[in-house]
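Observations on the model geometry
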Amino acid sequence: MKLSYKFLLAACAAVVLLAGMSMRKAALPQVKLGFIPLTDCAPLVAAKELGLFQKYGVDVVLTKEASWANIRDKVLNGELDGAHCLFGMPFSVYTGVGGKAGSEMQIAMVLSSNGQAITLSKDFCGLVGYKEVGKVNAAVKQVQGRKEVTFAMTFPGGTHDIWLRNWMAAAGINQKSVGIITIPPPQMVANMRVDNMEGYCVGEPWNGVAASQNIGFTQIASQDIWKHHPEKALVVNKAFAAKERENLKNVMKAILEACQWLDNMGNRKKAAGWLSKPFYVNAALPVIEARLLGSSDLGCDLGVAKYKEDYMTFYNKGYVNTPRKSHGMWFMAQYVRFGYLKSNPDFKGIAEKLILDDLFAEVAREAKVPVMTDDMKPFKTTYDVSFDPSNVGAYLASTKK
């Protein structure tokens, strides 16, 4: 009897030991990715909720961050391996506009295109309508007759900052005549509610939320300023990219599959349901869903704008995800254009240092998705002169400040 009991104990111990060894063997490498509560964090959310990270052999932990400055600091110090991030931010940080000059955050791939907007407060209702850029300057001057006018963006040199400044240049606004402040995306609506600013540029759903709560209205979308522009990117810690290359590649493959899933419009309602949850974006489901589907209730009795093919996209037949050096050079040119930098940086050299286009091409080939050619040819945004990456000086000499 005693022998049987001892045998049973030994057998149980062996089972537990083998199970533990099996669990250790099966444990996936952990990768920590940050995100800001915006609709375009959807590729990370979808990859997590669909089990795609696990499918590709990585255990990804998603962490909601309070601001882009938090993302910057945690990616640089390695607390985060990577993050959903403003495409322009690595260039801003490296050039000293939005961080310590020379700090390297690397772009592995682009996550989204389009889908940001400029919201104006109710002070502007009746003075300027949707996409009426030609009326903006006069409207600003009229409001300035009774109060100071301040605009907000989310990070110096980031995408929202640059869309805002391009819009002001197109409208003829003297940028020194208004205030420009930095506010984290989830705090935009609350700050407009208490009259801290008269306008802001941010990602969704915070433009739609302002309209739905009758706090402001959508004056223009970012795709009206530059159709199919790069918006968010997967930005990674330099050491992680170098030392954990295979894990990073697997993360990218999972996100690429999620981007394709998201661009099936039949899946967007499901994605909106995930995004509306408190852990992710924590905003009203109808607002997230509508703008994901290309329908914008503008607010201020302006009706509904419908975007048929230039709504927020995540894949767009492969066009979205290839990171392009020419786009990075364009962002750095804006820093010179708008006075952030007093002299020209090494446009091409910095873009080559920060954009991991070779890595993306390798991942795309293995995932059997298209790689777009960064042909470095001139391109044009809606309200600006043509940008030629081979002659940035000529662009800067002719563009509006």
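Residues numbered from 1 in each chain as written. Predicted model: local features only at pLDDT ≥ 70, side-chain atom pairs only at ≥ 80, totals over all residues. Heavy atoms only, no water.

Some words on the pattern of salt bridges
Two side chains of opposite charge can pair, provided their charged atoms sit close to one another. Heads up, the condition is: By definition here, a salt bridge exists when the distance from a side-chain nitrogen of Lys or Arg to a carboxyl oxygen of Asp or Glu is within 4 Å. Starting at the N terminus, helices and strands are each numbered in turn, a helix being any DSSP run of H or I of at least four residues and a strand any DSSP run of E of at least two. The cut-offs for exposure are 20% and 50% of the maximum accessible area for each residue type, with area from a 1.4 Å probe on protein chains only; residues under the lower value are buried, those over the upper are exposed, and the others partly exposed.
Following the criterion strictly, the structure yields 24 salt bridges and no others. Two residues, Glu104 and Lys238, come together in a salt bridge whose shortest N-O distance is 3.3 Å. Pair noted here: Glu104 is in the loop between α5 (89-94) and β4 (105-110) and Lys238 is in helix α11 (residues 238-243), with a separation of 134 residues, a long-range link. For Glu104, a relative accessible area of 17% puts it in the buried group. On the accessibility criterion, Lys238 (41% relative accessible area) is partly exposed. One continuous salt-bridge network, built from bridges that share partners, spans Arg245, Glu246, Lys249, Lys253, Glu362 and Glu366.

Things to note about the sheet that holds strand β1 (residues 30-35)
Stated precisely, the cut-off is as follows: Criterion used throughout: strands pair if DSSP finds at least two bridges between them. To obtain an axis, a line is fitted to C-alpha atoms, over the contacting stretch when the element is a helix, and the angle between two such axes runs from 0 to 180 degrees between their N-to-C directions.
One open sheet accounts for 5 strands, arranged β2-β1-β3-β10-β4; its pairing is mixed. The outermost strands of the open sheet, each flanked by one partner alone, are β2 (59-64) and β4. Pairs of neighbouring strands in the sheet enclose a mean axial angle of 30°, with direction left out of account. The pairing of β1 with β2 spans 6 bridges and is parallel.

Comments concerning the environment of Gly393
Looking at where Gly393 falls in the secondary structure, it is placed in helix α18 (residues 392-398). Given the relative accessible area of 40%, Gly393 is considered partly exposed. With 287 residues separating them along the chain, Gly393 and Gln106 place their C-alpha atoms 25 Å apart.

Don't take any of this as a statement about function, it's just geometry.
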